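One letter stands for each residue in the lines below.
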Amino acid sequence: QRAEVFIETQRQDNALTIPSSALHRRENEEGVFVIENGTAHWKAVTLGVRGRESVEVLEGLSESDVVLLVPTGQTVLTEGRRVRTP
């Protein structure tokens, strides 16, 4: 038999979180791509508590930023790439 157990060791209430899959690494910095004027723009972020599927953002993003997610197997985002929302 086999069991999978997850133990919560820390919790942050009212935290700004993003999906872990939105994170990108650039020169040893973690960041995300956001939409600015119809193009992708990379922003460095400072992270806090990490969960299985999401991560807390301490600095670098605001609640009004639109974070881009790339579907699995799709094109890689680059700085200045034109993007649009559905």
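Residues numbered from 1 in each chain as written. Predicted model: local features only at pLDDT ≥ 70, side-chain atom pairs only at ≥ 80, totals over all residues. Heavy atoms only, no water.

As for the pairing of strand β4 (residues 39-44)
Each regular strand shows side chains that alternate between the opposite faces of the sheet.
So, step 1. Here strand β3 (residues 29-36) runs beside β4; their pairing, made up of six bridges, is antiparallel. Across the sheet, residue Val34 finds its bridge partner in β4, namely His41.
So, step 2. Hairpin geometry of β3 and β4 is characterised by an intervening segment of two residues between the two adjacent antiparallel strands and by a positive phi of about 55° at Asn37. (Pairing = 2+ DSSP bridges. Helix = DSSP H or I, 4+ residues; strand = E, 2+ residues; numbered from the N terminus.)

A closer look at the sheet that holds strand β6 (residues 54-59)
So, step 1. Overall, antiparallel pairing links the three strands, which are arranged β1-β6-β5 in an open sheet. Strands at the two margins of the open sheet, each flanked by one partner only, are β1 (17-19) and β5 (46-50). Neighbour-to-neighbour, the strand axes of the sheet open up by a mean angle of 40°, direction not taken into account.
So, step 2. Bridge count for β5 against β6 is three bridges, and the pairing is antiparallel. (Axes fitted to C-alpha atoms, helices over the stretch in contact; angles between N-to-C directions.)

Some points on the sheet that holds strand β2 (residues 24-26)
So, step 1. Pairing is antiparallel across the open sheet formed by three strands, whose spatial order is β2-β3-β4. A single partner strand is all that each edge strand has here, and the edge strands are β2 and β4. For this sheet, the mean inter-axis angle between neighbouring strands, taken without regard to orientation, is 50°.

Remarks on the layout of surface pockets
So, step 1. The volume enclosed by the largest pocket comes to roughly 390 Å³.
So, step 2. Along its surface, the largest pocket is lined by 17 residues, and Glu8, Gln10, Val49, Arg50 and Gly51 are the ones closest to its centre.
So, step 3. Contributions of two or more residues to the lining of the largest pocket are made by β5 and β6.
So, step 4. The greatest single-element share of the lining of the largest pocket, amounting to three residues, is contributed by β6.
So, step 5. Counted by class, the lining of the largest pocket contains five nonpolar, six polar and six charged residues. (1 Å grid on protein atoms, 1.4 Å probe; cavity = no way out; pocket = protein on both sides within 12 Å on 5 of 7 lines; lining within 4 Å. Points joined across faces, edges and corners; volume = space filled by probe spheres on them. Nonpolar A, V, L, I, M, F, W, Y, C, P; charged D, E, K, R; others polar.)

From the geometry alone we can't say anything about function, so treat these as descriptive.
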